[in-house]
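Spelled out from the first residue to the last, the chains are:
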Amino acid sequence: MAQAPALPTGFELPLEPRLPRIGSVDQVAVEARATDLSRRSIKREAKLFALDLAVRMMDLTTLEGADTPGKVAALASKAVRPDPSDASVPSVAAVCVYPNLVQTARERVAGSGVKVASVATAFPSGQSPIDLKVAEARRVVELGADEVDMVIDRGAFLAGRYAKVYDEIVQVKEAVAETHLKVILEVGELGTYDNVRRASLLAIAAGADFIKTSTGKLSSSATLPVTLVMLEAIRDVFEETGRRVGMKPAGGIRNAKQAVQTLVLVHETLGLDWLTPDLFRFGASSLLNDVLMQIRKEKTGRYQSPEYFTID
Amino acid sequence: MAERAGRLPVKKTYKLYIGGAFPRSESGRTYEAEGQNVARASRKDVRDAVRAARAAQPKWAGMTAYNRGQVLYRVAEMLEARTGEFAELIGDEAEVHAAVDRFVWYAGWADKLAQVLGSANPVAGPYFNFTVPEPTGVVGVLVPEEPPLLGLVSRLAPVLVGGNGAVVVASESRPLAAIELAEVLATSDVPGGIANLLTGFRSELAPVLAAHMDVNALDVTGADGDVPELERLAADNVKRIVRGSADAQSPWEIAGFLELKTVWHPMGV
């Protein structure tokens, strides 16, 4: 389904007149392909490999108003040793928390290789003045975040003010400098696959290291077709420019089966190169327990109960 | 009414009963029993059934005991209405009547369990001390081969009346009564997922149930062969193991699937 060329003329500004001319996404075909790929049968060694990879790719997330240092400490411990009874289960990629809890998380994961990600820029709405967003992004980096998850201003995007969205990403990217920047599109609010593709290309052009589906605050989030649309945008940019952009589906991925289906999508669209935590992450909170249950089921041969895994 | 000439009879496909629905086995397999092709459940069907029972059980346990009794009485009503079909199927009308009566008998126990099995305990201190029965959770039931209907009802009813969810492995050689009973349960206000009925090879399904970490008790009344091996598999999450009889009717049959919990409450506040 490659649209050639991915971007009408090269890969530079101005975007305003160009974005609307980006080829549209074939909704029926994208959904059919996502459904097709989700039917792949992944068993035994392949399944264990995928589950192990899913753990290593996980951004273990808590983004609640009720988050306390205690809860984040528990989450961080779980991130470092997801299954205390099985040392072969690797650590997750990162914990993702609100800015006020970055320091707590940082202390708890110190020395483990687990990174700390923080949301910024008026998460989850993004409806704040740009100077505040930039200041917040800069501050979370000072607080010790290794990765920053920013949201785009969907209001501006849907009003057609692409340049505003673009400029904001550029300014935040400047503010966080070398720190890994993930740009949340909040696909549930974008309405169409065409908008998802446009927003993906816009975020990539503005300097995103990762593009991320959702905040996790909406019911409609990282579905397989939306993930596929974003992966194809990443692939098209890679084919045109050689630049490798990462992908992070977040929200709505609750069980191991969905995670494995998503990995199949990644492998089929971008290949083995993207099957690494450097270029692919899952943003999730409840997914980890189900993956751990499936891993133990594969290893012991018996079906598991959530009773015997930590509450998070 | 005269049979219309040339009419093709609509035959029933004997399927499983999981989560209130009638799916084929996910494996697509069948086996022959009582002259019919019957679904042969796989380990994944067991997994799905346990998941359905686990999801449905809290609501069933949370209903008032009186209401649970009414629902079980409704099962008896539906079963009574289909006496003819069941009698033809199992060839014994007296057994159908006995099965109806058994449901009624256990239905009556729903709101009497706490009084009979629970207690107010004398303690040396200013406390009320109560012991109350609570459901064990999800129960795997290995139904005896015979009698095909009464054996099933005698094992299933005491599990349900206490507020448990059940995953039942039906009689292997005579499974048709179980499938018919599923249709009765589906029309009796028993919430979908509370009683799940699987047909298939017991030797294949019993170890999966016994080893399943999300099953809290296992009724081995109908187990053939290696019961110690099932007990060993069941030990990892300390399942209750219950051995009953194929034609029992006693409040102690219910007690086997209950946990007794004791609470202390200060007097005078």
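Note that the structure is a prediction, hence the values are computed from the model and not measured.

Undergrad: Sorry if this is basic, but what is going on with the layout of surface pockets here?
TA: Vacant regions in the atomic arrangement are exposed by a probe of water-molecule size rolled over the atoms. Empty space within the largest pocket amounts to approximately 1300 Å³. Around the largest pocket, the lining comprises 41 residues; the ones closest to its centre are A:K47, A:D290, A:Q294, B:R47 and B:R51. Element by element, the count of residues in the lining of the largest pocket is highest for helix 1 (residues 43-62) of chain B, at eight residues. A per-class count over the lining of the largest pocket returns twelve nonpolar, ten polar and 19 charged. At the level of elements, helix 3 (69-80) and strand 8 (282-284) of chain A are the ones that each hand at least two residues to the lining of the second largest pocket.

Undergrad: Whenever I open this one, the nonpolar core confuses me. Can you help?
TA: It is characteristic of soluble globular proteins that their nonpolar side chains tend to be buried jointly. Counting 92 residues, the largest nonpolar core has A:I169, A:V183, A:L185, A:L263 and A:F282 as its most contacted members. Broken down by element, the residue count for this core peaks at nine residues, all from helix 9 (residues 224-241) of chain A. Excluding its chain neighbours within four sequence positions, the residues that come into contact with A:V183 are A:M150, A:I152, A:I169, A:A203, A:A208, A:F210, A:I211 and A:K212. By size, the runner-up hydrophobic cluster in this structure holds 53 residues, among which are B:F103, B:A107, B:V141 and B:A182.

Undergrad: Sorry if this is basic, but what is going on with the interface of chain B and chain A here?
TA: Where interface size is quoted, it is often the accessible area lost as the parts come together. Facing eleven residues of chain B, the contacting portion of chain A comprises nine residues. Surface buried jointly by chain B and chain A totals about 940 Å² across both partners, of which 47% is contributed by carbon and sulfur atoms. Interface area lost by chain B to chain A is led by B:R43, B:M213 and B:D214, which between them contribute 49%. Inspection of the region where chain B meets chain A yields one salt bridge. One salt bridge in this structure joins B:D236 and A:R302, with 3.1 Å as the shortest N-O distance. At the boundary of chain B and chain A, one finds five residue pairs in polar contact (both at pLDDT 80 or more). Elements supplying a minimum of two residues to the side of chain B that touches chain A: helix 1 and helix 8 (202-211) of chain B. Of the residues forming the side of chain B that touches chain A, the biggest block, three residues, is contributed by helix 1 of chain B. Here the residues of the side of chain B that touches chain A sort into four nonpolar, two polar and five charged.

Undergrad: Sorry if this is basic, but what is going on with the sheet that holds strand 7 (residues 246-248) of chain A here?
TA: Strand pairing in a sheet relies on backbone hydrogen bonds. The paired strands run either parallel or antiparallel. Residue and element names in this part refer to chain A. One open sheet holds the eight strands; their spatial order is 7-6-5-4-3-2-1-8, and the pairing between them is parallel. With partners counted over all chains shown, the strands left at the sheet margins are strand 7 and strand 8, one partner each. Shown here is a sheet whose adjacent strand axes are inclined to one another by a mean of 25°, direction ignored. Relative to strand 7, strand 6 (residues 210-212) runs parallel, the two sharing three bridges. For F210, the partnering residue across the bridge sits in strand 7 and is G246. Most of the contacts of helix 11 (residues 287-300) go to strand 1 (residues 58-61), to which it runs at about 125°, and overall it touches strand 1 and strand 8.

Parameters at a glance
Residues numbered from 1 in each chain as written. Chains lettered and ligands numbered in written order. Predicted model: local features only at pLDDT ≥ 70, side-chain atom pairs only at ≥ 80, totals over all residues. Heavy atoms only, no water. 1 Å grid on protein atoms, 1.4 Å probe; cavity = no way out; pocket = protein on both sides within 12 Å on 5 of 7 lines; lining within 4 Å. Points joined across faces, edges and corners; volume = space filled by probe spheres on them. Helix = DSSP H or I, 4+ residues; strand = E, 2+ residues; numbered from the N terminus. Nonpolar A, V, L, I, M, F, W, Y, C, P; charged D, E, K, R; others polar. Core = buried A, V, L, I, M, F, W, Y, C linked by side-chain atoms within 4.5 Å. Buried < 20%, exposed > 50% of the residue type's maximum accessible area, 1.4 Å probe, protein only. Contact = heavy atoms within 4.5 Å. Buried area = accessible area lost by both parts, 1.4 Å probe. Salt bridge = Lys/Arg side-chain N within 4 Å of Asp/Glu carboxyl O. Polar contact = N/O pair within 3.5 Å; in protein donor to acceptor, adjacent residues only side chain to side chain. Pairing = 2+ DSSP bridges. Axes fitted to C-alpha atoms, helices over the stretch in contact; angles between N-to-C directions.

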